[in-house]
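Okay, here's what each chain looks like letter by letter:
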Amino acid sequence: MSSPVLSHASRLRGLRPDWLSDPKVWRTEVLAGLVVALALIPEAISFSIIAGVDPAVGLFASFTMAVTISAVGGRRAMISAATGAVALVIAPLNREHGFGYLVATVILAGVFQIVLGALGVAKLMRFVPRSVMVGFVNALAVLIFMAQVPEMHDVPWAVHPLIAAGLALMVFFPKVTTVIPAPLVSIVVLTVITVAAGIAVPTVGDKGALPSSLPVPGLPDVPFTLDTLTTVAPYALAMALVGLMESLMTAKLVDDITDTHSSKTRESIGQGVANIVTGFFGGMGGCAMIGQTMINVKVSGARTRLSTFLAGSFLMVLCIVFGPVVSDIPMAALVAVMVMVSFATFDWHSIAPKTLRRMPAGEITVMVLTVAVVVATSNLAIGVVVGSLTAMAIFAKRVAHLADVTSVTDPDGTGVVYSVTGELFFASSNDLVGRFDYTGDPDKVVIDLSAAHVWDASSVAALDAVETKYAQRGKDVEIIGLNDPSADLHGRLTGELTGGH
């Protein structure tokens, strides 16, 4: 028999994170966190500018979001930080009411996210079709690439060969070794080249001043009144919904990439907790960052919470301790990383001619529409909603055609039996009323629903309308064959929807 002490020790080893017991995993997570931190700096500064706040506000938000979500989030290795989607939502509030109201909005948005998470909003993800998910991924790749275009326009000529060199390093360096992430090698090499050769190109420092100290907690500088609440609540709810949708879609994407499952409810609540913490530390709030998550998971190979925690921690260390060095990193190096991420993110198989020939036209339409709306609005949430609603409409139209009505008249002409097959709901039941011969049928009519299912009040109302039309002509109608759920719904609603027969 094994010793109880040994058994307990083995159980403890099973509970230890992978990075504690496997040096290779530890190295991967640490290096991935460093690469993500470097990529976060210019992004956070850019989003701060969009929101109309000091660059330090976005950097503080990225730090607190990443560190907090690494502990309370439901999806390991996913990166949460200040994002453009959130910046776009809160920018008008900051312009009109000031920074204090922005911070209050971030805190209230976190509360909304916790409530929505507890209510099970994450379960709505099951209604997002695959075609929308593919469109979301492809639109994301397009947005990531488009965000880099301004960094390639109206810049010194040296920027373009530097970007090309960075891409070449990321393509060919993994063939030599995968011990060190290729993006990190690319950033270091290009920085050394530009500094040593004195090449004048845009750098991270050109984006804005980096913070020189850690953020300190405090309350938002707003009057704690009902008027303040009514001012910030609409923005907070919009931020909560956009942040949750982007985070849950990203979590699902990482699930697919890593072939693992994550708790979407925990992620929803975790996003709320992270935003509350971020608000109290004076940050602009945020959600999952898809581009940085792809760097962490797909490019660098990270799989644990350590990389997320270190991404936030390294971010502050780089800004406070190594600020002058980080400021010298050429933007060309980070542009090359993000361009590589966009190509790696895009689902090229989805647009292959062989795939398009086999895909139903409706699903191709949904995918293209999702991409078009996201690119047009620069808002992933709007694209997902429009794509999902379009997919549901196409599905409803397709299923509506599956409902059919056939009739058999008795040989003696005294009665007729109508057999209804298929799913009866608002889309299919609209045509049901017109499928009967009210004038020409005999006095006894039987409607057999053995091969049908009644789903909603629209179908019950349609059946009531059929009975009413026959009754107006002095004919009797008998409905038979209802399964138990259909019979229950029909029994509760018949005669109640139009004021009786």
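Data block above holds the structure.
Residues numbered from 1 in each chain as written. Predicted model: local features only at pLDDT ≥ 70, side-chain atom pairs only at ≥ 80, totals over all residues. Heavy atoms only, no water.

1. Structural notes on the environment of G387
Inspection of the secondary structure puts G387 in helix α18 (residues 380–400). According to the relative accessible area criterion, G387 is buried, its value standing at 0%. As a C-alpha pair, G387 and V128 span 259 residues in sequence and 8.5 Å in three-dimensional space. When neighbours within four sequence positions are excluded, G387 is seen to be in contact with V132, V366 and T370. (Helix = DSSP H or I, 4+ residues; strand = E, 2+ residues; numbered from the N terminus. Buried < 20%, exposed > 50% of the residue type's maximum accessible area, 1.4 Å probe, protein only. Contact = heavy atoms within 4.5 Å.)

2. Section: the layout of surface pockets
In this structure, the largest pocket spans a volume of roughly 790 Å³. Contributing to the lining of the largest pocket are 31 residues, with E43, F47, G84, L143 and A147 lying nearest its centre. Taken together, the residues of the lining of the largest pocket sort by class into 19 nonpolar, eight polar and four charged. (1 Å grid on protein atoms, 1.4 Å probe; cavity = no way out; pocket = protein on both sides within 12 Å on 5 of 7 lines; lining within 4 Å. Points joined across faces, edges and corners; volume = space filled by probe spheres on them. Nonpolar A, V, L, I, M, F, W, Y, C, P; charged D, E, K, R; others polar.)

3. Points about the packing of aromatic side chains
On inspection of all chains with the given rule, the structure shows eight aromatic pairs. Here F145 and F343 contribute two aromatic rings whose centre-to-centre distance is 6.4 Å and whose plane-to-plane angle is 90°, an arrangement assigned as edge-to-face. Taken together, the residues F145 in helix α7 (residues 130–148) and F343 in helix α15 (residues 331–345) connect sequence positions 198 residues apart. Taken together, the ring pairs connect F145, F343, F346 and W348 into an aromatic cluster. Residue placement shows K469 over the ring face of Y438; its charged tip is 5.9 Å from the ring centre. (Phe/Tyr/Trp six-rings, centres within 6.5 Å; stacked < 30°, edge-to-face > 60°. Lys NZ or Arg CZ within 6 Å of the ring centre and 35° of its normal.)

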